Amino acid sequence: MEGESNTPMQQAESAVNKVSETAEDLKDKAAATASEAVEKTGDAADTFAGKARDTWDNISDKAGETWDKIEDKAEELWDKAEAKTEEIIAKAKSGELTEDAKEKFNDIVDGAKSLWNKITDKFENDKDKEGTA
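I will try to describe carefully the structure that is included in this document. Model, not experiment: these values are computed from the prediction.

**Let's talk about the overall build of the protein chain**
Tallying secondary structure elements over the protein chain gives two helices and zero strands in all. In terms of overall size, the protein chain is more extended than a compact globule, its C-alpha atoms giving a radius of gyration of 50 Å where 133 residues would be expected to give roughly 14 Å. Here the C-alpha coordinates of the protein chain stretch approximately 155 × 55 × 15 Å along the principal axes. Per element, the accessible surface of the protein chain, about 12,300 Å² overall, is 58% carbon and sulfur.

Structure representation (structure tokens):
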């Protein structure tokens, strides 16, 4: 039997065994590839999550810094307004504002008188021109 060729049945069994072995190898390779893909996807997801967390922390830090700057500026402006208000109240109590107001009022009166004189001069000049014409 050693020299005899394989029968069709033996050839079929041999082919089935080869297909079975090849299928088993492909199954193992597919499982390894799938495991590798899952690992790489997990690594990518971890990397993405890390970047997202870093971005969130960065945005949060910048928002906190901006809020602190706004708060400092608001406090500075409040202090300036409070100081100016106290200055105005002190001037009002000392009568300094009254003197400033009186001085401005006198400037307005002088300006009004000057304007009145210019208007009346113009009116009289126009009237004189009409009378001589």
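**Re helix α1 (residues 8–94)**
The end-to-end C-alpha distance of α1, which contains 87 residues, comes to 126 Å, matching closely the 129 Å that a straight helix rising 1.5 Å per residue would cover. Among the residues trailing α1, Gly 95 stands out with phi positive, at a value near 90°.

**Considering the pattern of salt bridges**
For the structure on display, the rule yields six salt bridges. The residue Glu 76 makes a salt bridge to Lys 80 at a minimum N-O spacing of 3.6 Å. Residue Glu 76 and its partner Lys 80 are located together in helix α1, separated by four residues, close to a single helical turn. We classify Glu 76 as partly exposed; its relative accessible area is 36%. The salt bridge involving Lys 91 is made with Glu 87; its shortest N-O contact spans 3.5 Å. With Lys 91 and Glu 87 both in helix α1 and four residues apart, the pair spans about one turn of that helix.

**Quick notes on a negative patch on the surface**
Taken together, the side chains of Asp 54, Asp 57, Asp 61, Glu 65, Asp 68, Glu 71, Asp 72, Glu 75, Asp 79, Glu 82 and Glu 86 define an acidic patch exposed on the protein surface. Position of Glu 71 relative to the elements: it lies in helix α1. Overall, the relative accessible area of 42% leaves Glu 71 in the partly exposed class.

What counts as what
- Residues numbered from 1 in each chain as written.
- Predicted model: local features only at pLDDT ≥ 70, side-chain atom pairs only at ≥ 80, totals over all residues.
- Heavy atoms only, no water.
- Helix = DSSP H or I, 4+ residues; strand = E, 2+ residues; numbered from the N terminus.
- Rg over C-alpha atoms; globule rule 2.2 N^0.38 Å.
- Areas by Shrake-Rupley, 256 points an atom, 1.4 Å probe, with all protein chains shown as cover.
- Expected span 1.5 Å × (residues − 1).
- Salt bridge = Lys/Arg side-chain N within 4 Å of Asp/Glu carboxyl O.
- Buried < 20%, exposed > 50% of the residue type's maximum accessible area, 1.4 Å probe, protein only.
- Patch = residues over 30% accessible without salt bridge, like charges linked within 9 Å, V, L, I, M, F, W, Y side chains within 5 Å.
- Lys, Arg positive; Asp, Glu negative; His and termini not counted.
- Charge placed at Lys NZ, Arg CZ, Asp CG, Glu CD.

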